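Observations on the model geometry
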Amino acid sequence: MTIDQRVFSGVQPTGNLHLGNYLGAITRFVALQDDYDCMYCIVDLHAITVWQDPDALRQNTREVTAAFIAAGIDTESQIVFNQSQVPGHAELAWIFNCVARMGWLNRMTQFKEKAGKNRENASVGLYAYPNLMAADILVYRATHVPVGQDQKQHLELSRDIAQKFNSDFAASCAATGFEGGFFPLPEPLITGPATRVMSLRNGDQKMSKSDPSDLSRINLTDDADTIARKFRKAKTDPEPLPGEEAGLSERPEAGNLVGIYAALTGATTADVLAEFGGAQFSQFKKVLTEAAVETIAPIGDEMRRLMAEPAEIDRILSRGAARANEIAEPNMTLIKNIVGFIG
Ligand code: ATP
Ligand code: MG
């Protein structure tokens, strides 16, 4: 049986949506909707792996939805929904908890980074997060997953889980009509000019929603003055910009700002350096701010407009969830049958 191509990806409703999410993920989501059937999910079950205030979680779920729409995702032709409204995600995650091996999860660098020194006190959910992510993708038998560079390892784990399920249950898959396995091995799509935008305070760390410093990131809801201030304060080194790419090695902060500018303006790094080689950061940061404001300000404005009508956002999410469930539910029936559950 052939598997239709389907795109799935998710963003956590943990607040502070930033330029990295936009350039690394959301713009990619928009680009794919012309060629694929896409499902874009606000992954609230992932968000609670770290405690979330319930009212803030609701607000943040609506905010990610608003960002998707403001960035150009079409909620009519594509399926946009929040994860917790489709029970198949959590159900399949449990099955995958029993397929994935402890040794595999122990290698996940995101858990190590997020749990930090206080590992004993991290939630079990934070540890099992990659199994839920595999379930998110595979409950729809999705084949393509646009993500930033930081999610590459989790995607590889999803492939391992799919493969192990297919081989553990090979005979049962075949008996159910899926010779060769039920799940596709999902492909990561890590593309575009900015797959790993770095923190403005530390060029060795990625820009993150959960970074305690707001100065580390440009939020999609930041106004022009805030964007200008954050770039002004962004860490750099004392040298002027180099004229060629080789001059950026060993200069992660400079490389990051040049990369952001290139991504925002659709230029290559080489083009940017050809134009600004020899310039001081004070000058470059001004044009960078202008480019960022030009892209982000209209998105922030549109997000605020959409957020003023939360009931409409909630309607979009529940309609999307109903459509998602129409795909997940029959798949779950097949999966339960493959595993040997009666009913
Ligand atoms: P958190 O710190 O809470 O994990 P996050 O910023 O990593 O938040 P996620 O919701 O986990 O955001 O990720 C949403 C998408 O954005 C994923 O596809 C992820 O790979 C991508 N992404 C996150 N940070 C960056 C970044 N700095 N550069 C490019 N893409 C990114
Ligand atoms: Mg993340």
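It should be noted that the structure appears before, not after, this text.
Every chain's residues receive numbers from 1 upward, in the order its sequence appears when written. The lettering of chains begins at A and the numbering of ligands begins at 1, in the order of writing. Two thresholds apply to this predicted model, a pLDDT of at least 70 for residue-level local features and 80 or more for giving and counting side-chain atom pairs, whereas whole-chain, interface and lining totals are computed over all residues. By convention in this description, side-chain values take in all heavy atoms of the structure and omit both hydrogens and water.

The way it works is a 1 Å grid over only the protein atoms, where trapped points that fit a 1.4 Å probe form a cavity and open points with protein on both sides within 12 Å along at least five of seven lines form a pocket, and then any residue with an atom within 4 Å of a point lines it. Grid points are joined across faces, edges and corners, and a volume is the space filled by probe spheres set on the points. Size it by volume and the largest pocket reaches roughly 1200 Å³. Forming the walls of the largest pocket are 46 residues, and the residues nearest its centre are Q110, K114, D150, Q151 and K206. A helix here means a DSSP run of H or I that spans at least four residues, while a strand means a run of E at least two residues long, and both kinds are numbered starting from the N terminus. Mapped onto the lining of the largest pocket, the elements with two or more residues apiece are β1 (7-11), α1 (19-32), α2 (44-47), α6 (109-115), α7 (124-138) and β4 (144-146). With five residues, α1 is the largest single contributor of residues to the lining of the largest pocket.

A separate point is the packing of helix α11 (residues 252-265) against helix α12 (residues 269-276). The angle between the axes and the distance between the axes are what describe a pair of packed helices. Between the N-to-C directions of two axes lies an angle of 0 to 180 degrees, each axis being a line fitted to C-alpha atoms and, for a helix, fitted only over the stretch in contact. At a minimum axis distance of 9 Å, the contact between α11 and α12 shows a crossing angle of 110°. Comparing their axes, α12 and α11 come out roughly perpendicular. Residue-level contacts link V258, Y261 and A262 of α11 to T269, V272, L273 and F276 of α12. Under the grouping applied here, Gly and all other residues not named as nonpolar or charged are polar, the nonpolar ones being Ala, Val, Leu, Ile, Met, Phe, Trp, Tyr, Cys and Pro and the charged ones Asp, Glu, Lys and Arg. For the contact of α11 with α12, the class distribution of residues is six nonpolar, one polar and no charged. The labels follow the angle: roughly parallel below 35 degrees, roughly antiparallel above 145, roughly perpendicular from 65 to 115, and oblique for the rest. Working rule for contacts: check all heavy atoms of both residues, and any pair within 4.5 Å makes them a contact.

So, about the nonpolar core. Think of a nonpolar core as a cluster: buried Ala, Val, Leu, Ile, Met, Phe, Trp, Tyr and Cys residues, connected wherever their side-chain atoms sit within 4.5 Å. Exposure classes here rest on a 1.4 Å probe applied to the protein chains alone. A residue is buried below 20% of its type maximum, exposed above 50%, and partly exposed in between. By size, the foremost hydrophobic cluster in this structure holds 59 residues, and its most contacted members are Y40, F68 and F284. When residues in this core are grouped by element, the largest group, 11 residues, is from helix α13 (residues 281-307). Apart from the residues lying within four places of it in its own chain, the contact partners of Y40 are V7, S9, F29, L32, F68, I73, I79, V80, F81 and P146. One finds V99, A135, A162 and I327 within the second-largest nonpolar core, a separate group that totals 48 residues.

So, on to the site of ligand 1. Residues are counted as near a molecule or strand when any one of their heavy atoms sits within 4 Å of it. In the vicinity of ligand 1, 23 residues are found, and the nearest of them are K114, D150, K206, K209 and S210. Here an oxygen atom of ligand 1 sits 2.7 Å away from a polar atom, N or O, in the side chain of H18. N or O atoms within 3.5 Å of each other form a polar contact, as long as, within protein, one can give a hydrogen and the other can take it, and as long as residues adjacent in sequence are counted only when both atoms are side-chain atoms. Here an oxygen atom of ligand 1 and a side-chain polar atom of K206 are 2.6 Å apart. Only the protein chains shown count as cover for residues, and all accessible areas are computed by the Shrake-Rupley method using a 1.4 Å probe. Contact with the protein chains covers 97% of the free accessible surface of ligand 1, which is 600 Å². To qualify as sitting in a cavity or pocket, a molecule needs more than half of its atoms within 2 Å of the grid points. The cavity that encloses ligand 1 is the largest pocket. Looking at the shell around ligand 1, the elements that each hand over two or more residues are β1 and α1.

So, to be careful, I would describe these as geometric facts and stop short of saying anything about function.
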